[in-house]
Amino acid sequence: MKLTHGLAALVLLASASAAHAEFSGTAAAVSDYNWRGVTQTAQGPAVQGSIDYSHSSGFYAGLWGSNVDFGDCCDESVEVDIYAGFSGGDELVWDVGINYYSYPGGDSLDYGEIYASLGYKWIEGKIWYADDFANLGKSAMYYEANASFELPYNLALDGHLGYSDGSGIEEAYGQSDYIDWAIGLTYTYGHVDFGLKWVDGSDLKTLDGTPDDVLSSEARAIFSIATAFPWTDGE
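The rules behind the values
- Residues numbered from 1 in each chain as written.
- Predicted model: local features only at pLDDT ≥ 70, side-chain atom pairs only at ≥ 80, totals over all residues.
- Heavy atoms only, no water.
- Helix = DSSP H or I, 4+ residues; strand = E, 2+ residues; numbered from the N terminus.
- 1 Å grid on protein atoms, 1.4 Å probe; cavity = no way out; pocket = protein on both sides within 12 Å on 5 of 7 lines; lining within 4 Å.
- Points joined across faces, edges and corners; volume = space filled by probe spheres on them.
- Nonpolar A, V, L, I, M, F, W, Y, C, P; charged D, E, K, R; others polar.
- Core = buried A, V, L, I, M, F, W, Y, C linked by side-chain atoms within 4.5 Å.
- Buried < 20%, exposed > 50% of the residue type's maximum accessible area, 1.4 Å probe, protein only.
- Contact = heavy atoms within 4.5 Å.

Caption draft 1: Representation of unusual backbone geometry. Of the consecutive residues phenylalanine 229 and proline 230, the connecting peptide bond is found in the cis state with omega at 0 degrees. By the element assignment, proline 230 lies in the segment after strand 14 (220-229). Non-glycine residue alanine 42 carries a positive phi angle of around 50 degrees. In this fold, alanine 42 is placed in the loop between strand 3 (38-39) and strand 4 (46-55).

So, in structure tokens, the structure goes:
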């Protein structure tokens with residue numbers, strides 16, 4: 001079954017549950033939209049946001065969007081992700097779902113991924129699978145581990161390690177697998193989070209130092225400012 005068919009079923013379920021859902025949203029600005037170690041905005045800034053709702057059953061769904069810049073290779077200028085899934089647990093938190101990447105008005109890069117994760121306290125492990133990575137007709141896997149430690153003075157230390165492999169990765173990037181990683185600090189002031197992190201996808205040798213920084217995997221620092229809605233007293 002195509003991932004898009006599974007997504008359609010989840011969206012229908014979301015519509016049926018919407019009357020009992022809690023709605024929220026996010027807004028962010030970043031100095032570079034980096035995805036799995038590769039810039040999606042030619043190392044330029046991005047404005048991003050989401051609309052989400054969740055149900056007491058554990059069901060959730062939403063939309064996330066960002067500007068993108070893939071240079072002369074594609075006509076895409078906007079990415080819109082549609083996602084839905086179920087999550088639950090207290091100390092051991094689990095999450096399963098599907099994410100569909102769409103690029104309205106551009107070339108046909110749209111595709112879907114399914115994912116599953118487990119989290120315990122400050123660490124999380126997650127696996128992604130695409131049966132048609134970047135609409136290239138080949139599959140890909142992504143494995144990631146994420147950690148976040150709360151520090152004094154409204155600070156948090158965040159870490160990330162990811163690994164991509166599969167025939168879809170080789171078709172898209174000319175290399176069958178690679179590692180990406182990131183480490184950074186987040187400072188919370190009122191309703192706003194300020195972040196600074198170092199990202200590195202340079203293990204993807206084919207994109208390390210590409211011309212005009214388009215789809216580059218070279219290491220760089222990224223600054224972000226973000227907030228979540230609705231704002232409530234005490235947050």
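Caption draft 2: Inspection of the layout of surface pockets at higher detail. Taken as a whole, the second largest pocket encloses approximately 370 Å³ of empty space. As for the second largest pocket, its lining consists of 19 residues, of which Leu109, Ala134, Ala172, Tyr173 and Leu215 are closest to the centre. Its residues placed into classes, the lining of the second largest pocket shows 16 nonpolar, one polar and two charged.

Caption draft 3: Seen up close, the nonpolar core. Within the largest apolar cluster, 26 residues are counted, with the highest numbers of intra-cluster contacts made by Trp35, Phe133 and Tyr173. Looking at this core, the elements that each hand over two or more residues are strand 5 (59-67), strand 8 (111-120), strand 9 (123-130), strand 10 (140-151) and helix 2 (167-173). With residues near it in sequence (within four places) discarded, tyrosine 173 still touches Trp35, Val38, Phe133, Tyr178, Leu204, Thr206 and Leu207.

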